[in-house]
Structures are given as C-alpha cells and as structure tokens.
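As a plain string of letters, each chain reads:
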Amino acid sequence: MRGVVFLGERKLELREFPDPAPGPGEVVIAIKASGMCGSDLHPYRAVGNAAGALGLGGSGGPVIGGHEPCGVVAAVGPGVSEAEARVGQRVMNHHYWGCGQCKYCRVGWSQLCKKGIVVYGMTGHGAHAPYMKVPVRTLVPLPEALSFEEGAAISCGTGTAYGALKRLDVSGRDTLAVFGQGPVGLSATQLGTAMGARVIAVDIAPERRQLAREFGAEAVIDPRETDPAKALRELTHGEGVEAALDCTGNPDARLAAIRSACTWGRVGFVGEGNNVTIDVSQDMIRKQLTILASWTFSSVGQEECARFIADRRIPLRKLLTHHFKLDEAAHAYQLFDTQTTGKGVFLF
Ligand SMILES: [Zn+2]
Ligand SMILES: [Zn+2]
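What you are looking at is a predicted structure, and each value in this text was computed from that prediction instead of being measured.

1. Things to note about helix α10 (residues 299-311)
Taking 1.5 Å of rise per residue, 13 residues should cover 18 Å, and α10 covers 18 Å from first to last C-alpha, within 8% of that figure. Looking only at α10, the buried set comprises Ser299, Gly301, Gln302, Cys305, Ala306, Phe308, Ile309 and Ala310. Those residues of α10 that are buried lie in contact with β5 (90-93), β9 (139-141), α3 (148-154), α4 (157-167) and α5 (183-194). Just downstream of α10, arginine 313 is the residue with a positive phi angle, here 50°.

Now the structure itself:
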C-alpha cells in the first residue's frame, strides 16, 4: 500500500509500505476517512525532526502521517476477543499508545504515559494510507449516526475542542470567547453553542468569521480591526467573558484571551507551540484567574465526544469542507498550508 510521508520543508511523498498484518492484541483498520489536523503542518513544514520539535520523541524516521483515523476493522490479530473487536466494526482510533499498564494508560490517557509513547501519524504509522495497524485497546467505537469523516474530525481536532470545553466547564451561564476559527476553533464554537454558551468568535480571516457565525457564534471579532479584549468587554457589560479558549498558539491571541476574561474567569490553551508573556499580578492574580492547558482527550473522552455530537445531532459534517483522494495529498497540504477555511479530509 502507499502512505503519505511528510518530508519537511513543505514536501511530502506517497511512499510504498507493506500491507500491515495484525500481531497479538492488534487489529488492522481499513481507513475510510483520515482528517488533516493543524498539527500535521508541523512535520509538513519542519526542518529536521518535527515530532521532536513538538516534544513527542520518536526517531525521526519515515512514518505514515495522519492522526485522525476512522474506518472499519479489517483484520483481527491473535488473542483479540469478539468483545474487543470484530471485522467490519466501525471505529475511530485514539491515536496514542503507551506502556498499557501505568495509571495513565489504564484510564485511557496513554499520551500521558511516562514510559514513552507512540503518537500515530507522528512517531508511528498513521492513517494517511488505506490500512493502519494498532493495538486493539486504542479503538473507540463510532456511533452509527456519525459518518466516517465526522469520526475522523473527532479523532483529534473536534475532540480537542470538546476536551478543552469540558475542562473549562463551559455551560449556558457562560459567554465563551474562542480565539482562532480553524478546525479546532470552529469545533469549539459549534460545541460551545451546543453546551449552551453564548459564543463570540475571534479570527483575522473574514471567511472563517463567516463560518463561525454559521456554526453558532453570536458575534465575531476581527482582531486586526479592533482590540479583541476591549471588544469582548464591550459585549459583556464591561466585565469580560467567563471563559476564553485559545486555539491559535499565537502569543497575541493568548494574551488577548487572558485579558478578555472576567474576574474569576477561566482561560484554556490548546494551540500548540510558541510562547506568551503575561503580567502575573495584573492579568492573573488581581482577577483570580484560572488558566489551564488541555492536551487532546482520553480514549474515553473521545467516545463521549462522539456520543455528545451524535445525540444532539450537531451538524459536524459542515466542518468538513474539503475532500481529497490520497493521490491529491501534495495539493491538499499545499492548500491547507496557505488557505485555510474549514477542514480537509482524505476519503478512501
Ligand atoms: Zn503507561
Ligand atoms: Zn491533531
């Protein structure tokens, strides 16, 4: 089979790999949809070992990209019971694997394992290929009501938004500011609205702000036109928002998220990379501010996110704006790298 390998410096190639066969405790997924996530742009753009740059370890050797896997079980290895997986089952993949035994792995947070982790699509073969071999315990059931492409989105970007909103304890009592309306931010706008919050979306791109309105944002702000913290205070009787989420990783946006939060407010960071400098007394202590970080979700959280979306009939499919065949990978990533409204997915 052929799989996409990121070469760095905005190059990728479709390379030949042997078809995977499941070993003990493993399954092979026939991939039906494989999403493109913002963090794929790190190995795509990288000079040198991109996984290393994200603090994910790995040898830097060639791996198949794609960490939003969704498909059906195609083959089951020795020792895998019928209850764990059966051929034809619709599944997502929690795209991490650790030791399988520690207190993090056992509760589905294998990315927090201290004994070394595999991140599928970064340090282990991912889903930008027709088949993907994984430990059976990484499978997450895909509800019947959801399409494969929706399952792919949940497997990183949308699930990350859900995990962060849950950590921020977002509810109908909150005004929620979402900084950045890429695939994660748009998901946060859509899910935050479904959780009852009044959502205000911030992005520099007019097309993304338009999409944010369609996804439920009550108001949108262009941070190049107006100071977003000031605009958000004006929209909240001078108080600031109860919850703010940064999905950009941009230092200015992070600072604006902090400064837009009200006294006792909560601020979440999910955008990767970069830095921020804050005035701890003025920006945090005087406001009793809570700042938290959220790294994706557990395998259990992934299942919960899928159920939430299915049960509330949230039209997540609207997020999937660009559909590609694997042969179009070079074009797809070039597009994603330069013009970015909505989300791309490879269909098989
Ligand atoms: Zn572990
Ligand atoms: Zn991702």
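2. Focus: the packing of aromatic side chains
Taken as a whole, this structure holds eight aromatic pairs when the rule is applied. Pairing phenylalanine 324 with phenylalanine 346 gives two aromatic rings, centres 5.9 Å apart and planes at 45°, and the pair type is tilted. Here phenylalanine 346 lies in strand β17 (residues 343-347) and phenylalanine 324 lies in strand β16 (residues 320-324), a separation of 22 residues in the sequence. Accessibility assignment for this pair places phenylalanine 324 and phenylalanine 346 in one class, buried. The structure contains a cluster of three or more aromatic residues connected by ring pairs, namely Phe6, Tyr44, Phe324, Tyr333, Phe336 and Phe346.

3. Here we look at the sheet that holds strand β13 (residues 241-246)
Spatially, the six strands line up as an open sheet ordered β12-β11-β10-β13-β14-β15, and their pairing is parallel. Pairing within the sheet leaves two strands with one partner each, and these edge strands are β12 (219-221) and β15 (290-293). Strand-to-strand, the axes of this sheet are offset by a mean angle of 20°, without reference to chain direction. When β13 meets strand β14 (residues 261-269), the two strands line up parallel, connected through five bridges. Looking at β14, one finds that valine 241 is bridged to alanine 261. On the sheet, helix α8 (residues 251-260) packs against β10 (175-179), β13, β14 and β15 and is oriented at approximately 150° with respect to β14.

4. Quick word on the coordination of the zinc ion (ligand 2)
Between any two of four tetrahedral donors, the ideal angle at the metal is 109.5 degrees; between two of six octahedral donors, it is 90 or 180 degrees. Taken together, Cys37 (SG), His67 (NE2) and Cys156 (SG) make up the protein donors of the zinc ion (ligand 2), found 2.0 to 2.2 Å from the metal. Summarised as a motif, the one-chain spacing of the donors to the zinc ion (ligand 2) is C-x29-H-x88-C. Separated by 30 residues along the polypeptide, cysteine 37 in the loop between β3 (26-35) and α1 (41-45) and histidine 67 in the loop between α2 (50-53) and β4 (69-76) bring together distant segments of the chain. Overall, histidine 67 belongs to the buried group, its relative accessible area being 2%.

Reading guide: rules and limits
In this numbering scheme, every chain counts its residues from 1 along its sequence in written order. Throughout, the order in which chains and ligands are written sets their labels, letters from A for the former and numbers from 1 for the latter. Note on the predicted model: pLDDT of at least 70 is required for a residue's local features to be given, and 80 or more for side-chain atom pairs to be given and counted; whole-chain, interface and lining totals, by contrast, use all residues. For the side-chain quantities, the full set of heavy atoms in the structure was used; hydrogens and water were omitted. Helical segments are the DSSP runs of H or I of at least four residues, strand segments are the runs of E of at least two, and each set is numbered from the N terminus. Expected span, for any helix, means 1.5 Å times one less than how many residues it has. Residue burial is assigned from relative accessible area. The probe radius is 1.4 Å, only protein chains are included, and a residue is buried under 20% of its type maximum, exposed over 50%, and partly exposed in between. Here, residues are in contact when the closest pair of their heavy atoms is within 4.5 Å. Pairs were defined over the aromatic rings of Phe, Tyr and Trp, the Trp ring being its six-membered one, requiring ring centres within 6.5 Å. Orientation was assigned from the angle between planes: stacked under 30 degrees, edge-to-face over 60, tilted for the rest. Paired strands, as defined in this entry, are two strands with at least two bridges between them according to DSSP. The axes used here are C-alpha line fits, helices contributing only the stretch in contact, and every angle between their N-to-C directions lies in the interval 0 to 180 degrees. Each metal site is built from N, O and S donor atoms within 2.8 Å (3.2 Å for Na, K and Ca), and since water is not included, such sites may look incomplete.

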